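Residue-level structure breakdown
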Amino acid sequence: MTIAERWEAVETRLAKTLQQTGRKRQDITLLAVTKVFPVEILCEAYRLGLREFGENYVQEFETKHPTAASLPEARFHLIGHLQSNKSRRAAEIFHVVQTVDSPKLARRLDEAAASALDVMIEVKLSVEEAKAGCAPQDLSELLDTIRALPKLRLKGLMTMPPWNEDAEATRPYFRRLRELAVRHGVEGLSMGMSHDFEVAVEEGSTCIRVGTALFGRRIKVP
Ligand SMILES: *Cc1c(COP(=O)(O)O)cnc(C)c1O
């Protein structure tokens, strides 16, 4: 399947969910996740009309950035964990950092940003060791920090639930993220991936992060 065909299939799935929920297409950002794929794939997706792109690693996107930065109107979101020693470079090459998870990282990004930088808070909703993210009980403090920083613009909450083949099993996590957003007066919700974005949209997602369904399986680099 071509990227165009895959994108159409994604839009068909999305349209069906939007119809069922009475939500509008313009309220959902489709983030094309291009991690692991070469920059040519990103450029092809851009030619087809995609404008928002997600990448997981600062170092990997560095190599694509010279080409990617020349695409007018393309916006790049960092959706992978950010170490604070890479925050300076991240603030330069990304338009949105979706994975802010500590006051320290927020302050580093604010210092590094040349002008306004859009950010989201990654919230950790499971107890898995490996998952990054701000614990729900620490959310208030992080929100206060971000709201007080001059250059950071808070765009919402993001989460990455534990993997489950069954999309329904993920619904409680999406619901919990929305509850947290409502409680803290935050608007955007980055949640849902290739296999579960319908459930995420039903639960209020405003940004779905889709890789496999647009570009095919990623070949794991060892
Ligand atoms: C890789 C990745 C995605 C995309 O996953 P697919 O299942 O390929 O759609 C979304 N969000 C994050 C944080 C990712 O790392």
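Whatever comes next refers back to the structure up there.
The sections below set out a description of the structure shown in this document.

Analysis parameters
- Residues numbered from 1 in each chain as written.
- Predicted model: local features only at pLDDT ≥ 70, side-chain atom pairs only at ≥ 80, totals over all residues.
- Heavy atoms only, no water.
- Helix = DSSP H or I, 4+ residues; strand = E, 2+ residues; numbered from the N terminus.
- Rg over C-alpha atoms; globule rule 2.2 N^0.38 Å.
- Buried < 20%, exposed > 50% of the residue type's maximum accessible area, 1.4 Å probe, protein only.
- Contact = heavy atoms within 4.5 Å.
- Lys, Arg positive; Asp, Glu negative; His and termini not counted.
- Charge placed at Lys NZ, Arg CZ, Asp CG, Glu CD.
- Near = heavy atom within 4 Å.
- Polar contact = N/O pair within 3.5 Å; in protein donor to acceptor, adjacent residues only side chain to side chain.
- Areas by Shrake-Rupley, 256 points an atom, 1.4 Å probe, with all protein chains shown as cover.
- Salt bridge = Lys/Arg side-chain N within 4 Å of Asp/Glu carboxyl O.
- Axes fitted to C-alpha atoms, helices over the stretch in contact; angles between N-to-C directions.
- Parallel < 35°, antiparallel > 145°, perpendicular 65-115°, else oblique.
- Left-handed = near helix turned anticlockwise from the far one by under 90°.
- Nonpolar A, V, L, I, M, F, W, Y, C, P; charged D, E, K, R; others polar.

**A few points about the overall build of the protein chain**
Helix and strand counts for the protein chain stand at nine helices and eight strands. For 222 residues, the compact-globule formula gives about 17 Å, and the C-alpha radius of gyration of the protein chain, at 17 Å, lands near that figure. Counting only C-alpha atoms, the protein chain reaches 45 × 40 × 35 Å along its principal axes. Taking all 222 residues of the protein chain together, the buried fraction comes to 52%. In the protein chain, 57% of the contacts between residues at least 6 apart in sequence involve partners at least 24 apart. Here the protein chain carries 32 positive and 31 negative side-chain charges, and the mean point of each set is 1 Å from the other.

**Some points on the site of the ligand**
Surveying the vicinity of the ligand reveals 13 residues, the closest of which are Lys35, Asn56, Ser194, Thr212 and Arg218. One of the side-chain N or O atoms of Ser194 is found 2.5 Å from an oxygen atom in the ligand. Taking Arg209, its side chain carries an N or O atom lying 2.8 Å from a nitrogen atom of the ligand. Burial of the ligand by the surrounding chains reaches 93%, relative to a free accessible area of 390 Å².

**Thoughts on the pattern of salt bridges**
Evaluation of the coordinates by the stated rule reveals 15 salt bridges. For Lys64, the salt bridge goes to Glu60, with nearest N and O atoms at 2.8 Å. Of this pair, Lys64 and Glu60 are both found in helix H3 (residues 58–68), four residues apart, which corresponds to roughly one turn of the helix. Per residue, the accessibility class of Lys64 equals that of Glu60, and both read buried. Salt-bridge contacts for Arg178 lead to Glu203; the nearest nitrogen and oxygen are separated by 3.4 Å. Taken as a pair, Arg178 in helix H7 (residues 171–184) and Glu203 in the loop between helix H8 (197–202) and strand E8 (207–210) lie far apart in primary sequence, 25 residues in all.

**Focus on the packing of helix H5 (residues 103–112) against helix H6 (residues 139–148)**
Between H5 and H6, the least distance of the axes is 9 Å, while the angle of their chain directions is 15°. Accordingly, the angle class assigned to the pair H5 and H6 is roughly parallel. Between H5 and H6 the crossing geometry is right-handed. Residues Pro103, Ala106 and Arg107 of H5 form the contact with H6, whose participating residues are Glu141, Leu142, Thr145 and Ile146. Grouping the amino acids of the contact of H5 with H6 by side-chain chemistry returns four nonpolar, one polar and two charged.

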